[in-house]
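Results of the structural survey
One letter stands for each residue in the lines below.
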Amino acid sequence: MIRRRVSVLGSTGSVGTSTLDLMDQAETAGTGAFEVEVLTGGANIARLAEQARRWTPKLAVTADPSRLGELRDALAGTGVEAAAGGDAIVEAASRSVDWVMASIVGAAGLKSAWAAADTGATLALANKESLVCCGPTLIERVRKAGGQVIPVDSEHSAIFQVFPHGAPERVSKLTLTASGGPFRKAPREVLARATPEQAVAHPNWSMGAKISVDSATMANKGLEMIEAAYLFDMPEDRIDVVVHPESIIHSMVEYVDGSTLAQMGPPDMKTPIACALAWPDRMAWPAPKLDLASLGRLTFEAPDEARFPALRLAREALAAGGSAPIVFNAANEVAALAFLDRKLAFLNIASVVADTLSRVTASGVDSTSRSACDAALAVDAEARRTAEDIVRGLAAAA
């Protein structure tokens, strides 16, 4: 039986909700037993309160300070302490547990993941920005505290499961797979008119709105290249991306002897979450099963970087090093959210990222320093201000 004392940061989002669902299924089946220390969420107070009533954590935190009274009222009589705000989330993340799910979306998740890194817990990392902004330091902090980083993205989980962690010299290349998103075959004139509703309608995966937009632009795959470089200490020129519309092979590791190992499974985020929750064990849950005969075939194609330039921009940022990946991430987040708010055209998302990269100096952050988090957040803030100025300029010119 899997036994864990856990904290779920971002429990009301898609990954956090799936994590709690898996824990519930495991407890019902008698294959897991979980004690919840902390749950943190955003503005969805009703869901956070419902989760807290089910799991009775010691603490439930909303990121929105103005909703503290509402959360307290919803938890009255439960014995669960309520708190609110960014500082409260960081304090919650620093509590001692066995396992932390870090799934707060965006740069807002960086400080909490940084705090959790010092606890010695296993850090199940679903927050891309934590790795993109200061991955090497974060990983080293976790290791020094006696913990372990287990990636939750399906692509990095796939690599993690077949990577020779004690002998990385055996690996010649990593290949990340991409579904291609909802616009894989769309001509440029269709992309020019793309709406937020179309962009978030992912053909294979159920994800949050911002992550779905990143999939539609392929910025997510660019961020994943950066993450893979840090997680597996792999240079940019040994990380490839291939479009695989069926999303059955989640990534591949090529060895120096010519062998390639791939992790396969139906597209369901609960599978990598279950892997991280139970590792190094495996936990049974009602997982969808892979039926290759019914699939018939698996297809692959090269990504079209002319129509999806975010992938090229991310590769250039990774190769440039310094703070360039931080700038890429911040500008992309600003642009993606502006698109979702209908303030920016779909094709201008990559334009905002490229312009921001050209304006913000990509240097000055030592990702190996103890102050890397604060330095990364400073660069992140500068890049966001710059990207927001660019978005306003494009909106005024439209």
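All figures in this text were calculated on a predicted structure; none of them were measured in a lab.

A tally of helices and strands in the protein chain yields 17 helices and 11 strands. What you see for the protein chain is a C-alpha radius of gyration of 20 Å, in line with the 21 Å of a compact globule of 398 residues. In terms of its C-alpha atoms, the protein chain occupies a principal-axis envelope of roughly 55 × 50 × 40 Å. Across the 398 residues of the protein chain, 55% fall into the buried class.

Quick look at the nonpolar core now. Counting 130 residues, the largest nonpolar core has Met101, Val152, Leu174 and Phe183 as its most contacted members. Element by element, the count of residues in this core is highest for helix α15 (residues 324-340), at 11 residues.

Let us look at unusual backbone geometry. Residues apart from glycine generally show negative phi values, whereas peptide bonds are mostly found in trans. Cis geometry is adopted by the peptide bond preceding Pro280, which originates at Trp279 and carries an omega value of 5°. With respect to the helices and strands, the residue Pro280 is situated in the loop between α12 (270-278) and α13 (292-295). Positive phi, normally seen in glycine, also occurs at Asp233, with a value near 50°. In this model, Ser247 sits at a positive phi of 55°, which is unusual for a non-glycine residue. Within the secondary structure, Ser247 is located in the loop between β9 (239-243) and β10 (249-255). Look at Ser247 and you get buried, because its relative accessible area is 5%.

Here four strands make up an open sheet; going across it, the order is β9-β8-β10-β11 and the pairing mixed. Every interior strand has two partners, whereas the edge strands, β9 and β11 (260-264), have only one. Pairwise comparison of adjacent strand axes, ignoring direction, gives a mean angle of 20° for this sheet. Pairing between strand β8 (residues 171-178) and β10: five bridges, direction antiparallel. Bridged to Lys173 within β10 is Glu254. Along the sheet, helix α7 (residues 154-162) contacts β8, β10 and β11; its crossing angle with β10, the most-contacted strand, is approximately 40°.

Across the sheet, seven strands lie side by side as β4-β3-β2-β1-β5-β6-β7; this open sheet has parallel pairing. Looking at the sheet topology across the chains shown, the edges are occupied by β4 (81-84) and β7 (148-151). Between one strand and the next, the sheet's axes are offset by a mean angle of 25°, whatever the strand orientation. With four bridges joining them, strand β5 (residues 99-102) and strand β6 (residues 122-125) adopt parallel strand pairing. Residue Trp99 lies in a different strand from β6, and its bridge partner there is Thr122. Contacts from helix α1 (residues 14-29) reach β1 (2-9), β2 (32-41) and β5 within the one sheet, and its direction differs from that of β2 by about 160°. Strands β1, β2, β3 (59-62) and β4 of the sheet are contacted by helix α4 (residues 86-93), whose axis makes an angle of about 145° with β3.

Here we take up the pattern of salt bridges. A pair can form between side chains of opposite charge whenever their charged atoms are brought close. Counted under the stated rule, the structure contains 30 salt bridges. Linking Lys221 and Glu224 is a salt bridge whose minimum nitrogen-to-oxygen distance equals 2.7 Å. On the criterion of helical spacing, the pair formed by Lys221 and Glu224 is a turn pair, its members being three residues apart in helix α11 (residues 219-231). The residue Arg359 makes a salt bridge to Asp355 at a minimum N-O spacing of 3.1 Å.

So, how was this worked out
Residues numbered from 1 in each chain as written. Predicted model: local features only at pLDDT ≥ 70, side-chain atom pairs only at ≥ 80, totals over all residues. Heavy atoms only, no water. Helix = DSSP H or I, 4+ residues; strand = E, 2+ residues; numbered from the N terminus. Rg over C-alpha atoms; globule rule 2.2 N^0.38 Å. Buried < 20%, exposed > 50% of the residue type's maximum accessible area, 1.4 Å probe, protein only. Core = buried A, V, L, I, M, F, W, Y, C linked by side-chain atoms within 4.5 Å. Pairing = 2+ DSSP bridges. Axes fitted to C-alpha atoms, helices over the stretch in contact; angles between N-to-C directions. Contact = heavy atoms within 4.5 Å. Salt bridge = Lys/Arg side-chain N within 4 Å of Asp/Glu carboxyl O.

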